[in-house]
Amino acid sequence: MTYDYLAPYLAAIEDALREALDPPDGPVAPLYQMMRYHMGWLNSRFEPEDAPRGKRLRPAMCLLACEAVGGDWRRALPAACSVELIHNFTLLHDDIEDASETRRHRPTAWALWGAPQALNAGDAMWAAARLAALRLSDQGYPAETVLRVARLLEETCLELCGGQYLDLAYEGVEGVSLAEYEQMINGKTAALLDASLAAGAILGGADEAAVAAYRALGRALGLTFQITDDILGVWGDPAVTGKSAASDILEKKKSLPIV
């Protein structure tokens with residue numbers, strides 16, 4: 001569901017994302033077009049298409065946090081763009097690691113162009129995410145603030161990788177405790193929502209207590225989001241979710257229903 005009041009934020013996010021992944025002329029243009037396919041802007045022939053493209057939840061939360069603490073959300077767009085690109089580079093890699101052939105009702109990038117090229121596209125998107133965050137300096141933020149947000153996002157990427165490591169490692173483990181499960185989803189899902197809200201609060205000029213509160217809110221939302229996704233991964237309708245309801249079980253994922 002999209003609420004009307006979010007329309008200006010979502011439109012601005014989409015514009016910033018398109019700018020960040022604007023393909024150059026020349027022989028490497030297909031690399032960018034693969035990324036743009038994954039983002040839902042092109043079809044597999046690299047023609048314009050309005051395909052399902054995710055909820056843009058994380059960048060929207062970043063902008064809303066900035067505005068809620070008294071900041072101008074438009075100035076935070078580079079950070080919002082960065083968190084969405086981070087999210088999507090992990091999806092490009094996740095699809096390879098999980099051998100998922102569909103996402104959002106369409107073939108995944110690796111299923112179309114092979115794992116090596118999809119992996120490279122994910123790496124390129126990570127680089128684009130880092131560059132997007134550094135463009136906060138163009139919005140007039142002091143170097144210390146830009147560095148703080150960039151460092152937060154880099155630390156978050158490392159935490160995401162740790163959570164994904166646990167997710168993959170647990171596939172070969174017979175029993176996983178609830179505490180181990182929570183540690184895993186803290187990394188693979190909650191960390192980026194935490195960072196999205198924290199970055200917005202920082203860029204809006206919030207004090208340290210408020211930033212900490214937004215981080216805690218992001219963690220709670222992230223845990224809730226992943227638990228809901230785990231339930232849909234077993235009992236969800238593939239026509240709605242865009243992915244198989246059997247994949248988590250077949251891959252021996254230690255999702256919450258299994259744990």
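This structure is a prediction, so every number in the text was calculated from the model and none was measured. (Residues numbered from 1 in each chain as written. Predicted model: local features only at pLDDT ≥ 70, side-chain atom pairs only at ≥ 80, totals over all residues. Heavy atoms only, no water.)

### So, the side chain of Glu14
Link 1 in the chain: Structurally, the position occupied by Glu14 is in helix 1 (residues 7–20).
Link 2 in the chain: Apart from residues no more than four positions distant in its own chain, Glu14 is found in contact with Trp41, Arg53 and Arg56. (Helix = DSSP H or I, 4+ residues; strand = E, 2+ residues; numbered from the N terminus. Contact = heavy atoms within 4.5 Å.)

### Let's talk about the packing of helix 8 (residues 178–203) against helix 9 (residues 208–235)
Link 1 in the chain: With their axes 7 Å apart at the nearest point, helix 8 and helix 9 run at an angle of 140° to one another. Here helix 8 lies oblique to helix 9, going by the angle between them. The element helix 8 and its partner helix 9 pack so that their crossing is right-handed.
Link 2 in the chain: Split into classes, the residues belonging to the contact of helix 8 with helix 9 amount to 16 nonpolar, five polar and six charged. (Axes fitted to C-alpha atoms, helices over the stretch in contact; angles between N-to-C directions. Parallel < 35°, antiparallel > 145°, perpendicular 65-115°, else oblique. Left-handed = near helix turned anticlockwise from the far one by under 90°. Nonpolar A, V, L, I, M, F, W, Y, C, P; charged D, E, K, R; others polar.)

### Concerning the packing of aromatic side chains
Link 1 in the chain: In this structure the tally under the stated criterion is four aromatic pairs.
Link 2 in the chain: With 5.4 Å between their ring centres and 25° between their planes, Phe46 and Trp113 make a pair best called stacked. Here Phe46, found in the loop between helix 2 (29–38) and helix 3 (57–68), pairs with Trp113, found in helix 5 (residues 109–113); they are 67 residues apart in sequence, far enough to count as distant.
Link 3 in the chain: Note on Phe46: relative accessible area 24%, which makes it partly exposed.
Link 4 in the chain: Note on Trp113: relative accessible area 25%, which makes it partly exposed.
Link 5 in the chain: The structure contains a cluster of three or more aromatic residues connected by ring pairs, namely Tyr37, Phe46 and Trp113.
Link 6 in the chain: When the ring centre of Tyr141 is taken as reference, the NZ or CZ atom of Arg75 above it lies at 4.0 Å.
Link 7 in the chain: Directly above the ring of Trp126 sits Arg130, whose terminal nitrogen or CZ lies 5.1 Å from the centroid. (Phe/Tyr/Trp six-rings, centres within 6.5 Å; stacked < 30°, edge-to-face > 60°. Buried < 20%, exposed > 50% of the residue type's maximum accessible area, 1.4 Å probe, protein only. Lys NZ or Arg CZ within 6 Å of the ring centre and 35° of its normal.)

### Notes on the side chain of Arg36
Link 1 in the chain: Along the chain, Arg36 falls in helix 2.
Link 2 in the chain: Of the side chains with opposite charge, Asp22 lies nearest to the buried Arg36, which makes no salt bridge, at 4.8 Å.
Link 3 in the chain: Within the local environment of Arg36, its side chain forms a polar contact with the backbone oxygen of Leu21, the two atoms lying 3.1 Å apart.
Link 4 in the chain: When residues no more than four places from it in sequence are discounted, the contact partners of Arg36 are Arg18, Leu21, Asp22, Pro23, Trp41 and Leu42. (Lys, Arg positive; Asp, Glu negative; His and termini not counted. Salt bridge = Lys/Arg side-chain N within 4 Å of Asp/Glu carboxyl O. Polar contact = N/O pair within 3.5 Å; in protein donor to acceptor, adjacent residues only side chain to side chain.)

### A closer look at a negative patch on the surface
Link 1 in the chain: Where like charges cluster on the molecular surface, the negative patch consists of Asp15, Glu19, Asp22 and Asp25.
Link 2 in the chain: Following the sequence through the fold, Glu19 ends up in helix 1.
Link 3 in the chain: For Glu19, a relative accessible area of 64% gives the class exposed. (Patch = residues over 30% accessible without salt bridge, like charges linked within 9 Å, V, L, I, M, F, W, Y side chains within 5 Å. Areas by Shrake-Rupley, 256 points an atom, 1.4 Å probe, with all protein chains shown as cover. Charge placed at Lys NZ, Arg CZ, Asp CG, Glu CD.)

### Side note on the packing of helix 4 (residues 77–97) against helix 8
Link 1 in the chain: Direction vectors running N to C along helix 4 and helix 8 enclose 170°, while the axes themselves pass 10 Å from each other. Here helix 8 runs roughly antiparallel to helix 4, going by the angle between their axes. The residues of helix 8 that touch helix 4, namely those facing Ala79, Val83, Ile86 and His87, are Leu192, Ser196 and Leu203.

### Examining the environment of Val28
Link 1 in the chain: Checked against the element boundaries, Val28 lands in the loop between helix 1 and helix 2.
Link 2 in the chain: Note on Val28: relative accessible area 45%, which makes it partly exposed.
Link 3 in the chain: Each C-alpha atom, one on Val28 and one on Phe225, is 36 Å from the other, the two residues being 197 residues apart in sequence.

### Thoughts on the pattern of salt bridges
Link 1 in the chain: Counted by the stated rule, this structure contains 18 salt bridges.
Link 2 in the chain: Close ionic contact of Arg151 with Glu155 constitutes a salt bridge, the shortest N to O distance being 3.1 Å. Residue Arg151 and its partner Glu155 are located together in helix 7 (residues 143–170), separated by four residues, close to a single helical turn.
Link 3 in the chain: Using a relative accessible area of 56% as the deciding quantity, one classes Arg151 as exposed.
Link 4 in the chain: The exposure class assigned to Glu155 is partly exposed, which follows from its relative accessible area of 45%.
Link 5 in the chain: Across the pair Lys253 and Asp167 runs a salt bridge whose closest N-O atoms are separated by 3.1 Å. Here Asp167 lies in helix 7 and Lys253 lies in the segment after helix 11 (247–250), a separation of 86 residues in the sequence.
Link 6 in the chain: Under the relative-accessibility criterion, Lys253 is labelled buried at 6%.
Link 7 in the chain: The class for Asp167 is buried, based on a relative accessible area of 3%.
Link 8 in the chain: Among the charged side chains, a network of salt bridges with common partners joins Glu14, Asp50, Arg53, Arg56 and Glu84.

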